[in-house]
Amino acid sequence: MLNVFVGLYVLLSIGIGLYAAKRVHNSTDYIVAGRRLPLHITTATVFATWFGSETVLGTSSTFIQEGLHGIVADPFGASVCLILVGVFFARHLYRKNLVTIGDFFKQKYGRGVELATSVAIMLSYLGWVSAQMIALGLVFNVLSHGAISQDMGIVMGAAIVISYTIYGGMWSVALTDFMQMIVIVLGMLYVGYVVTDEINGGTMAVIEHAAQANKFNFWPEPTLAGILAFVGAFVTLALGSIPQQDVFQRVMSAKDENTAVHGAVLGGSLYFIFAFVPIFLAYSAFLIDEQMTTSLLAKDSQLVLPTLVLHHTPLLAQVMFFGALLAAIMSTASGTLLAPSTIFTENILRPFLGKVSDTRFLWIIRVVVLIFGCFVTLFAVNSNSSIFEMVENAYKVTLVVAFVPLAAGVYWSKASTQGAVFSMVFGLVVWVFLEAIAPEGLWPPQLAGLLAAIVGMVVGALLPQMIASPEQVIYKHKPK
């Protein structure tokens, strides 16, 4: 019976996604929903940016093992990222009427920087999207009691997400996100009510148990190594995920700049609040069935929460939970599948296509979505990393390559193409070098790479300019 209800929900999601395709008339509709999304849908899409497998399964299982200190990247860094986008970047970027985040680098720094940052952004999604596919495989495996292998579940889940994303683009992402956010909120709250009722002492008993186990220790050890590791984990998502196409795409789809700003801030704030619901649910497993929880921690901690719900809650709670879980994963997966596909087509492939009609270009984007979807599915099937690790690692490359050129380009008048090139080269070289020789050293490689990128931008911008910026080229060729 549970599988029947979950199957019907999946069909409903596909139906809504395909229905949204009716609103797609050109590539702008497909990529940024025609920039017509109202506040409530913008908020829902921003919320869904992060509320996926890493929140429900990855972050909750990491908290069980490491406490608050282990989840500084997500939800703390992730929610701060969305709020920072709303407060410091949304208004400025919205006014430029851009289609992709790569367009900003093209306007500010030229084709070379656009190409380099677009490649870095696109590659960062490989682990991110794959994590969602792995989570879908995990859900189908649990629901079928092992009858569907995780690899087969990954393929099934990928086929579902790819099917409606191909046709509806950002409109499909937006409308399914809105429906799925409602399911997520209601489903998680209801399951929380049911689970709490199973525990003597209710919510306070869970909190007291976690406190006694030192799970609320958030700050790092007062050592240089501990502080640097803490800061490195935080900035990876808080800053590294700002120059990302999925975040940009959801915010830029708003109907006006105020909606873009408010939607990002509201979405980030709601995400931070609701991210603690699955954390609470997963930890409550210790008080409901400690033996089961201990056994699963030794096998795969990501199974704790779905197994708890499957064996210790009534059918309605199971339907609500797995519906909410699938909603969270699919909403994140669709957006993160669309993002790298559009940035590849718009910023990497399009200059080589020559003159092409918008109708043909729209179909090219859809083909790229299919190809990228198949590629990340293959990657997911062959990956051994945890969901949390895949998500956290996804943003290291954009942290060291794209964040500084973006922030400097928005807020520093002296930012130049040469500064951007120096920043990317310095950041990437230092990061790769430390990852190769000392990944567990005193300085987290991505943090050292970020500092090197800042130095590169300053040095490159202040030295005599050997690489012309687009503004300089335009001025040089301006008719007298």
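Our subject is the structure that appears above.
Fair warning: this is a prediction, and the values are worked out from it, not measured in the lab.

### Concerning the overall build of the protein chain
Part 1: Helix and strand counts for the protein chain stand at 23 helices and zero strands.
Part 2: Over its C-alpha trace the protein chain gives a radius of gyration of 22 Å, about what one expects of a compact globule, namely 23 Å for 480 residues.
Part 3: The principal-axis extent of the C-alpha atoms belonging to the protein chain is close to 80 × 55 × 40 Å.
Part 4: Buried positions account for 60% of the 480 residues belonging to the protein chain.
Part 5: Pairs at least 24 residues apart make up 84% of the contacts formed inside the protein chain by residues separated by at least 6 positions.
Part 6: Carbon and sulfur atoms form 66% of the exposed surface of the protein chain, whose accessible area is close to 19000 Å².

### What about the environment of phenylalanine 140?
Part 1: Along the chain, phenylalanine 140 turns up in helix α7 (residues 111-143).
Part 2: What makes phenylalanine 140 buried here is its relative accessible area of 10%.
Part 3: Considering only alpha carbons, one finds phenylalanine 140 and serine 469, 329 residues apart in sequence, at a separation of 51 Å.
Part 4: Once residues lying within four places of it in the same chain are set aside, the contact partners of phenylalanine 140 are Ile148, Gly153, Met156, Gly157 and Ile160.

### Things to note about a nonpolar patch on the surface
Part 1: On the surface, a cluster of nonpolar side chains totalling about 630 Å² of accessible area is made up of Leu224, Leu442, Trp443, Leu451, Ile454, Val458 and Leu462.
Part 2: For the nonpolar patch, the element with the most residues is helix α22 (residues 445-462), which contributes four residues.
Part 3: Within the secondary structure, leucine 462 sits in helix α22.
Part 4: By relative accessible area, which is 56% here, leucine 462 ends up exposed.

### Describing the packing of helix α16 (residues 315-349) against helix α17 (residues 358-381)
Part 1: At their nearest, the axes of α16 and α17 sit 9 Å apart, and the two run at 130 degrees to each other. By the angle class used here, α16 and α17 are oblique. In the crossing of α16 with α17, the sense of the turn from one axis to the other is right-handed. Across the interface between the two elements, Leu337, Leu338, Pro340, Ser341, Thr342, Phe344, Thr345, Glu346 and Leu349 of α16 pack against Phe361, Ile364, Ile365, Val368, Val369, Phe372 and Gly373 of α17.
Part 2: When grouped by side-chain class, the residues that make up the contact of α16 with α17 number eleven nonpolar, four polar and one charged.

### Thoughts on the packing of aromatic side chains
Part 1: Within this structure, the stated rule accounts for 17 aromatic pairs.
Part 2: Pairing phenylalanine 76 with phenylalanine 218 gives two aromatic rings, centres 4.7 Å apart and planes at 50 degrees, and the pair type is tilted. Of the two residues, phenylalanine 76 is situated in helix α5 (residues 72-95) and phenylalanine 218 in the loop between α9 (202-212) and α10 (224-238); the sequence distance between them amounts to 142 residues. The pair formed by phenylalanine 76 and phenylalanine 218 is uniform in burial state, with each residue classed as buried.
Part 3: Between phenylalanine 104 and phenylalanine 105 the ring centres are 5.6 Å apart and the planes differ by 80 degrees, which places this aromatic pair in the edge-to-face class.
Part 4: We classify phenylalanine 105 as buried; its relative accessible area is 0%.
Part 5: Members of the aromatic cluster, connected to one another through ring pairs, are Phe76, Phe218, Trp219, Phe230, Phe272 and Phe276.
Part 6: Over the ring of tyrosine 94 we find arginine 35; its NZ or CZ atom is 3.9 Å from the centre of that ring.

### Overview of the packing of α7 against helix α21 (residues 417-437)
Part 1: Following both chains from N to C, one finds α7 and α21 inclined at 30 degrees, their axes separated by 10 Å at the closest point. The angle between the axes of α7 and α21 places the two elements in the roughly parallel class. The hand of the α7/α21 crossing is left-handed. Residues Val113, Ala116 and Thr117 of α7 lie in contact with α21, whose contacting residues are Thr417, Ala420, Val421 and Met424.
Part 2: Its residues assigned to classes, the contact of α7 with α21 comprises five nonpolar, two polar and no charged.

### Points about helix α20 (residues 403-411)
Because each turn of an α-helix spans 3.6 residues, side chains separated by three or four positions in sequence point in the same direction.
Part 1: Where burial is concerned, most of α20 is hidden: eight out of the nine residues are buried.
Part 2: Inspection of α20 places Phe403, Val404, Pro405, Leu406, Ala407, Ala408, Gly409 and Val410 among the buried residues, and these make up the whole buried set.
Part 3: The secondary structure elements touched by the buried residues of α20 are α5, α6 (101-109), α19 (396-401), α21 and α22.

### Considering the side chain of threonine 43
Part 1: Tracing the sequence through the fold places threonine 43 in helix α3 (residues 39-50).
Part 2: Owing to a relative accessible area of 7%, threonine 43 belongs among the buried residues under this scheme.
Part 3: Excluding anything up to four places from it in sequence, threonine 43 contacts Gly263, Leu266, Gly267 and Leu270.

### Some words on α21
Part 1: A rise of 1.5 Å per residue sets the reference length of α21, with its 21 residues, at 30 Å; its end C-alpha atoms lie 30 Å apart and thus fit the reference within 8%.
Part 2: Those residues of α21 that sit buried are Thr417, Gln418, Gly419, Ala420, Ser423, Met424, Gly427, Trp431 and Leu434.

### Let's talk about the pattern of salt bridges
Part 1: Enumeration over the complete set of coordinates arrives at seven salt bridges.
Part 2: With a shortest N-O distance of 2.7 Å, arginine 250 and aspartate 177 are connected by a salt bridge. Taken as a pair, arginine 250 in helix α11 (residues 245-252) and aspartate 177 in helix α8 (residues 150-197) lie far apart in primary sequence, 73 residues in all. As far as burial versus exposure is concerned, arginine 250 and aspartate 177 are alike and both buried.
Part 3: The salt bridge involving arginine 350 is made with glutamate 346; its shortest N-O contact spans 3.1 Å.
Part 4: Of the residues examined, glutamate 346 reaches a relative accessible area of 14% and is grouped as buried.
Part 5: Linked through salt bridges whose partners overlap, the residues forming this network are Arg91, Arg95 and Glu257.

### Some points on the nonpolar core
Part 1: Membership of the largest hydrophobic core comes to 162 residues, with the highest contact counts inside it found for Trp50, Val56, Phe105, Phe321 and Phe322.
Part 2: Considering every element that reaches this core, the biggest residue donor is α8, with 20 residues.
Part 3: For phenylalanine 321, the contacting residues outside a window of four places in its chain are Val56, Met188, Val191, Leu305, Pro306 and Val309.

Parameters at a glance
Residues numbered from 1 in each chain as written. Predicted model: local features only at pLDDT ≥ 70, side-chain atom pairs only at ≥ 80, totals over all residues. Heavy atoms only, no water. Helix = DSSP H or I, 4+ residues; strand = E, 2+ residues; numbered from the N terminus. Rg over C-alpha atoms; globule rule 2.2 N^0.38 Å. Buried < 20%, exposed > 50% of the residue type's maximum accessible area, 1.4 Å probe, protein only. Contact = heavy atoms within 4.5 Å. Areas by Shrake-Rupley, 256 points an atom, 1.4 Å probe, with all protein chains shown as cover. Patch = residues over 30% accessible without salt bridge, like charges linked within 9 Å, V, L, I, M, F, W, Y side chains within 5 Å. Salt bridge = Lys/Arg side-chain N within 4 Å of Asp/Glu carboxyl O. Axes fitted to C-alpha atoms, helices over the stretch in contact; angles between N-to-C directions. Parallel < 35°, antiparallel > 145°, perpendicular 65-115°, else oblique. Left-handed = near helix turned anticlockwise from the far one by under 90°. Nonpolar A, V, L, I, M, F, W, Y, C, P; charged D, E, K, R; others polar. Phe/Tyr/Trp six-rings, centres within 6.5 Å; stacked < 30°, edge-to-face > 60°. Lys NZ or Arg CZ within 6 Å of the ring centre and 35° of its normal. Expected span 1.5 Å × (residues − 1). Core = buried A, V, L, I, M, F, W, Y, C linked by side-chain atoms within 4.5 Å.

Take it as geometry only, folks, not as evidence of what the structure does.
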